[in-house]
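Next come the chains, spelled out residue by residue.
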Amino acid sequence: MAVQQRRVSKSRKGMRRSHDALKKTTTTTCKKCGRPIQPHKVCPYCGYYKGRKVIDVK
């Protein structure tokens, strides 16, 4: 089992953790109903994707 030889400095620890932050999700507007949706997904409100009806929504 590996055992560290020296203490990890605050700077090195911070540099390692610099990519761990959560990113804000990207949203676009549906061209049919205008509601915010995730890109490259079928709109759950109207059922359209790229201007075509894909699913029936009640």
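Analysis parameters
Once a new chain begins, its residue numbering starts again from 1 and follows that chain's sequence as written. Per-residue local features of the predicted model are confined to residues with pLDDT of at least 70, and side-chain atom pairs are confined, for both listing and counting, to 80 or more; whole-chain, interface and lining totals are unaffected and use all residues. With hydrogens and water set aside, each side-chain value is computed from the structure's full complement of heavy atoms. In DSSP terms, a helix is any run of H or I states spanning at least four residues, a strand is any run of E spanning at least two, and both are numbered starting from the N terminus. With the radius of gyration taken over C-alpha atoms, the globule rule is written as 2.2 Å times the number of residues to the power 0.38. Remark: exposure states derive from per-residue accessible area (1.4 Å probe, protein chains only) relative to the maximum for the residue type, with buried under 20%, exposed over 50%, and partly exposed in between. We call two residues in contact when some of their heavy atoms are within 4.5 Å. The protein chains shown are the only cover counted for residues, whose accessible areas, like all others here, come from Shrake-Rupley with a 1.4 Å probe. Note on aromatic contacts: the rings of Phe and Tyr and the six-membered ring of Trp form a pair at centre separations within 6.5 Å, being stacked when their planes are under 30 degrees apart, edge-to-face when over 60 apart, and tilted otherwise. Placement of a charge over a ring requires the Lys NZ or Arg CZ to be within 6 Å of the ring centre, with the centre-to-atom vector within 35 degrees of the ring normal.

Participant: Could you give an account of the overall build of the protein chain, naming the residues involved and the relevant values?
Facilitator: In terms of helices and strands, the protein chain carries 1 helix and 4 strands. Ordered by position in the sequence, the α and β elements of the protein chain form the string α-β-β-β-β. A globule of 58 residues ought to have a C-alpha radius of gyration of about 10 Å, yet the protein chain, at 22 Å, is considerably larger. With the C-alpha coordinates of the protein chain rotated into their principal frame, the extents come out at 60 × 25 × 20 Å. Relative to its 58 residues, the protein chain shows a buried fraction of 9%. Summarising the internal contacts of the protein chain: among those between residues at least 6 apart in sequence, 0% fall at separations of at least 24. As displayed, the protein chain has an accessible area near 6100 Å², and 52% of this comes from carbon and sulfur atoms.

Participant: Please provide a residue-by-residue account of the packing of aromatic side chains, values included.
Facilitator: What the rule picks out here adds up to 0 aromatic pairs. Stacked on the ring of Tyr48, the Lys or Arg Lys32 has its end atom at 4.8 Å from the ring centre. The side chain of Arg35 reaches across the aromatic face of Tyr45, ending 4.4 Å from its centre.

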